[in-house]
Amino acid sequence: FFKQKTAYEIMPSLVGAEMCIRDSSTFVWFCVRDMLTGIEISRYIANLALLKDADDIVVFDMRPVVSFTDYFVIMTAETTRQANAIADDIKSKLKEKDVKLYSKQGTFNGGWIVLDYSFIMIHIFGELQRKYYNLEGFWKESIEILRIQ
């Protein structure tokens, strides 16, 4: 299948449930479809938020400290329009991947939108509300696995 002594590049796809391996001598990609893991979906969400210009995006592994979810994805939006665009894009893209939204709480007029996917909770804050509620400080025993500033 692969020649010996060939360098390979492995890349998880951010847009689908597949793992791709590239033979760097021939630049041929071989992709295998598989289920996305919670951490992969969390990173995908962070990437979607980045594409919508969210600020200070953080992914936390919550499994060591809570039993109601596995991951928090926390971000800041500057305007109502931006927050709604981020939330709508995340909902749309995850629906395409058959990831079920259990509930959406809050509005950006209140400064905080929560998208609850059971194993991942997405928090879209206004700047003042993020500082006030300080989830990072409250859940400081969680493990930060990604930060995009």
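In short, a report on the structure. Here the residue numbers are simple positions, counted from 1 along each chain's written sequence. The model is predicted, so local features are restricted to residues of pLDDT at least 70 and side-chain atom pairs to those at 80 or more, both for listing and for counting; the totals for chains, interfaces and linings are taken over all residues. Excluded from the side-chain calculations are hydrogens and water; all other atoms, namely the structure's heavy atoms, are used.

1. A closer look at the overall build of the chain
Logical step 1: Strands are runs of DSSP state E lasting at least two residues, helices are runs of H or I lasting at least four, and both sets are numbered from the N terminus onward. Within the chain one finds 4 helices and 9 strands.
Logical step 2: Its helices and strands taken in sequence order, the chain reads β-β-β-α-β-β-α-β-β-β-α-α-β from the N to the C terminus.
Logical step 3: Note on classification: 1.4 Å probe, protein chains only; a residue is buried when its accessible area is under 20% of the maximum for its type, exposed when over 50%, partly exposed between these limits. Taking all 149 residues of the chain together, 39% fall into the buried category.
Logical step 4: For the chain, contacts bridging at least 24 residues in sequence account for 50% of all contacts bridging at least 6.
Logical step 5: With residues, only the protein chains shown are counted as cover, and all accessible areas are computed by Shrake-Rupley using a 1.4 Å probe. Carbon and sulfur atoms form 54% of the exposed surface of the chain, whose accessible area is close to 9000 Å². Residue contacts follow a heavy-atom distance rule, with two residues in contact if any of their heavy atoms lie within 4.5 Å.

2. A look at the pairing of strand E4 (residues 55-61)
Logical step 1: For E4, a buried count of 5 out of 7 residues is recorded, marking the element as mostly surrounded by other parts of the structure.
Logical step 2: Pairing between two strands is assigned when DSSP locates at least 2 bridges connecting them. As paired elements, E4 and strand E9 (residues 143-148) share 5 bridges and run antiparallel to each other. Bridge pairing in E9 links isoleucine 57 to isoleucine 148.

3. Topic: the packing of aromatic side chains
Logical step 1: Ring geometry is summarised as follows: Phe, Tyr and Trp rings, the Trp one being its six-membered ring, pair when their centres sit within 6.5 Å, and such pairs are stacked at plane angles under 30 degrees, edge-to-face over 60 and tilted between the two. This model, assessed by the stated rule, comprises 8 aromatic pairs.
Logical step 2: Of the aromatic side chains, those joined through ring pairs into one cluster are Phe68, Phe72, Phe138 and Trp139.
Logical step 3: Only when the NZ of Lys or the CZ of Arg is both within 6 Å of the ring centre and within 35 degrees of the ring normal is a charge said to sit over the ring. Above the ring of tyrosine 102, the side-chain terminus of lysine 100 is found at 4.9 Å from the ring centroid.

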